[in-house]
Amino acid sequence: MTVMDIGCGMGFFSLGMARLVGSDGKVLSLDIQPQMLSVLVRRAKRAGLFQRIETKLIEPDGLGVDEPVDFALAFWMVHEVPDQAVFFQEVADVLHPGSRMFVSEPKPHVTEKDLEETTRIAEEAGFKVLDRPPVRLGLAVVLEKSNGRPLRAALGNGFALF
Ligand SMILES: C[S@@+](CC[C@H](N)C(=O)[O-])C[C@H]1O[C@@H](n2cnc3c(N)ncnc32)[C@H](O)[C@@H]1O
């Protein structure tokens with residue numbers, strides 16, 4: 001699998017995801033802060049997982065990912081994104097239909113009402129809600145990309161439709 005950890009920070013989840021995808025898998029670890037990515041690279045090398053992790057310094061308003069992805073994690077970062085509609089559309093564009101996205105937000109900084117609005121925006125981008133699992137100190141929602149939605153990114157780049 002190719003998975004992405006959006007707003008990966010120092011890579012707490014990227015390292016675990018790298019173990020889960022195995023030696024044939026890949027983790028795209030994206031963040032807007034180069035210092036975070038430097039720490040992640042150091043930690044990944046120390047853990048022997050560097051070969052499975054591709055770090056990417058991105059802009060706050062663009063993922064810059066142009067390859068198909070099987071799973072996306074956005075842990076405690078969506079509230080920092082300037083335009084959530086653009087954000088979820090971009091994630092939807094690279095996820096395979098039926099693939100999942102896990103979103104968690106910190107409580108009480110982000111309220112249940114805030115997450116409801118975030119979820120509504122995600123649904124407009126082509127996701128449906130699968131679950132709202134309990135998460136310590138936070139709120140969470142598991143989303144699934146609906147079937148049959150064309151990859152917008154693919155249209156531009158000439159990839160096959162998913
Ligand atoms: C609270 S930290 C969470 C880090 C990590 N996900 C974790 O749970 O350990 C939020 C991270 O999201 C990053 N971030 C904020 N806005 C972002 C954006 N628009 N795109 C990508 N990353 C962003 C920040 O630089 C920071 O590293």
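In this text, all values refer to a predicted model and were calculated from it rather than measured experimentally.

K.L.:
Any chance you could explain the pairing of strand S3 (residues 53-57) here in plain terms?
P.N.:
In the case of a regular strand, side chains alternate between the two sheet surfaces. One ladder, built from five bridges, connects strand S2 (residues 26-31) with S3; its direction is parallel. From the neighbouring strand, valine 27 faces S3, where its bridge partner is isoleucine 53.

K.L.:
Is there a simple way to think about the site of the ligand in this case?
P.N.:
The local shell around the ligand holds 18 residues, among which Gly7, Gly9, Pro60, Met77 and Glu80 are the closest. When contributions to the shell around the ligand are tallied by element, the ones reaching two or more residues are helix H1 (12-21) and S2. Looking at side-chain class alone, the shell around the ligand contains 13 nonpolar, three polar and two charged residues.

K.L.:
Teacher, can you tell me more about the sheet that holds strand S5 (residues 95-106) here?
P.N.:
To summarise the sheet geometry, strands pair through backbone hydrogen bonds and adopt either a parallel or an antiparallel arrangement. The strand order across the open sheet built from seven strands is S3-S2-S1-S4-S5-S7-S6, with neighbouring strands paired in mixed fashion. Only two strands of the sheet have a single partner each, and these edge strands are S3 and strand S6 (127-131). On average, adjacent strands in this sheet sit at an angle of 20 degrees to one another, irrespective of strand direction. Taken together, the five bridges between strand S1 (residues 2-6) and S2 define a ladder with parallel strand orientation. Looking at S2, one finds that valine 3 is bridged to valine 27. In this fold helix H4 (residues 112-124) packs onto S5, S6 and strand S7 (138-145), with an angle of close to 10 degrees to the strand it touches most, S7.

K.L.:
Could you clarify how one ought to interpret the environment of alanine 125 in this entry?
P.N.:
Its location among the elements puts alanine 125 in the loop between H4 and S6. Note on alanine 125: 20 C-beta atoms within 10 Å, which makes it buried. C-alpha of alanine 125 to C-alpha of valine 86: the two residues are 39 residues apart in sequence and 8.5 Å apart in space. Look past the residues within four positions of alanine 125 in its chain and what remains in contact with it is Ala85, Phe88, Gln89 and Ala92.

K.L.:
How do you make sense of H4 when you look at a structure like this?
P.N.:
Given 3.6 residues per turn, any residue in an α-helix points the same way as the ones three and four places further on. Helix length check: H4, at 13 residues, gives a terminal C-alpha distance of 18 Å against a target of 18 Å (1.5 Å per residue), a fit within 8%. For H4, every residue scored as buried is listed here: Leu115, Thr118 and Ala122. Projected down its long axis, H4 carries its buried residues within an arc of 55 degrees, all on one side. With respect to the buried face of H4, the exposed residues turned more than 90 degrees away are Lys113, Glu116, Glu117 and Arg120. Two residues or fewer past H4, glycine 126 is found with a positive phi of approximately 110 degrees.

K.L.:
Any chance you could explain unusual backbone geometry here in plain terms?
P.N.:
Glycine aside, the phi torsion of most residues is negative, and most peptide linkages are trans. Proline 108 follows lysine 107 through a cis peptide bond whose omega is 0 degrees. Relative to the helices and strands, proline 108 is located in the loop between S5 and H4. Unusually for a residue other than glycine, tryptophan 76 sits at a positive phi of about 55 degrees. Topologically, tryptophan 76 is positioned in the loop between strand S4 (69-75) and helix H3 (84-94). Of note, the phi angle at leucine 137 is positive, near 65 degrees, even though the residue is not glycine. By the secondary structure assignment, leucine 137 is in the loop between S6 and S7.

The rules behind the values
Position numbers for residues count from 1 along each chain, tracking the sequence in the order it is written. Restriction of local features to residues with pLDDT of at least 70 applies here, the model being predicted, together with a cutoff of 80 or more for giving and counting side-chain atom pairs; totals for whole chains, interfaces and linings are based on all residues. Note on pairing: two strands pair once DSSP finds at least 2 bridges between them. Counting from the N terminus, the helices are DSSP H or I runs at least four residues long and the strands are E runs at least two residues long. What makes a residue near a molecule or strand is its C-beta atom, placed from the backbone, lying within 6 Å of it. Gly is placed with the polar residues, together with every amino acid not listed as nonpolar (Ala, Val, Leu, Ile, Met, Phe, Trp, Tyr, Cys and Pro) or charged (Asp, Glu, Lys and Arg). A fitted line through C-alpha atoms represents every axis, and for helices the fit uses only the stretch in contact; the resulting angles, taken between N-to-C directions, go from 0 to 180 degrees. Any two residues are considered in contact once their C-beta atoms, placed from the backbone, lie within 7 Å. Burial in this document is a count-based property: other C-beta atoms within 10 Å of a residue's C-beta are tallied, and the residue is buried at 20 or more, exposed at 12 or fewer, or partly exposed in between, with C-beta positions derived from the backbone. In this analysis, the expected span of each helix is defined as 1.5 Å times one less than the number of residues it contains. This arc is built from the directions going out from the helix axis to the C-beta atoms.

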